[in-house]
Amino acid sequence: MPFALTMALAVMAMVAVFQQVNAHRARQHLPTLRWEERLAQQARQHSQTMLNSGLSHAGFERRLAAIRLPWSSAAENVAYSHGGLDHATQAVQDWLSSPGHRRNLEGPFSLTGIGVARNARREVAFTQIFLRPR
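Right, let's walk through the structure included here.

Rules used throughout
Residues numbered from 1 in each chain as written. Predicted model: local features only at pLDDT ≥ 70, side-chain atom pairs only at ≥ 80, totals over all residues. Heavy atoms only, no water. Helix = DSSP H or I, 4+ residues; strand = E, 2+ residues; numbered from the N terminus. Contact = heavy atoms within 4.5 Å. Phe/Tyr/Trp six-rings, centres within 6.5 Å; stacked < 30°, edge-to-face > 60°. Buried < 20%, exposed > 50% of the residue type's maximum accessible area, 1.4 Å probe, protein only.

### Let's talk about the environment of Thr 32
With respect to the helices and strands, Thr 32 occurs in the loop between helix 1 (3-27) and strand 1 (34-35). When near neighbours in sequence (up to four residues on either side) are disregarded, Thr 32 contacts Asn 22, Arg 25 and Ser 110.

As structure tokens, then:
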């Protein structure tokens, strides 16, 4: 698959996750999350790493330090998909089905960044970082 197409699909999935998470928060009468590009950059890098090394939260503290934003609370959701057509919806539904991931989605955060990486085998890795700044 050409690189440009792979990137376009990753961006579409990232936007879909962002919209679905904020739609869920709105249904729960929670404030929507604002996009923070520094979080997204770290999330993208981590998603790319997970395609090579597997699903993991390894290095979360390092990612937070690299963001260089003072924060009072932070969380991270990760997902990995290798089948189906709508990877973004599957990731969000999986998170909503997991009490810990759902707690992150509904947490007292105001900022988020999402990273999606896709490889030639159509495997997709997702990372969403949540942050409440100080």
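Still to come is the rest of the account.
### Here's the deal with the packing of aromatic side chains
In the structure shown here, the tally under the stated rule is two aromatic pairs. Relative to Trp 35, the ring of Phe 18 has its centre 5.4 Å away and its plane inclined at 90°; by these criteria the two rings are edge-to-face. Placement of the pair is Phe 18 in helix 1 and Trp 35 in strand 1, with a sequence separation of 17 residues. With relative accessibility at 30%, the residue Trp 35 sits in the partly exposed group. Taking the centre distance of 5.7 Å and the plane angle of 35° together, the rings of Phe 109 and Phe 130 count as tilted. Residue Phe 109 is located in the loop between helix 5 (99-105) and strand 3 (111-118), and its partner Phe 130 is located in strand 4 (residues 124-133); the two are separated by 21 residues in the primary sequence. Note on accessibility: Phe 109 and Phe 130 belong to one class, buried.

The values reported here are purely geometric and, on their own, carry no functional implication.
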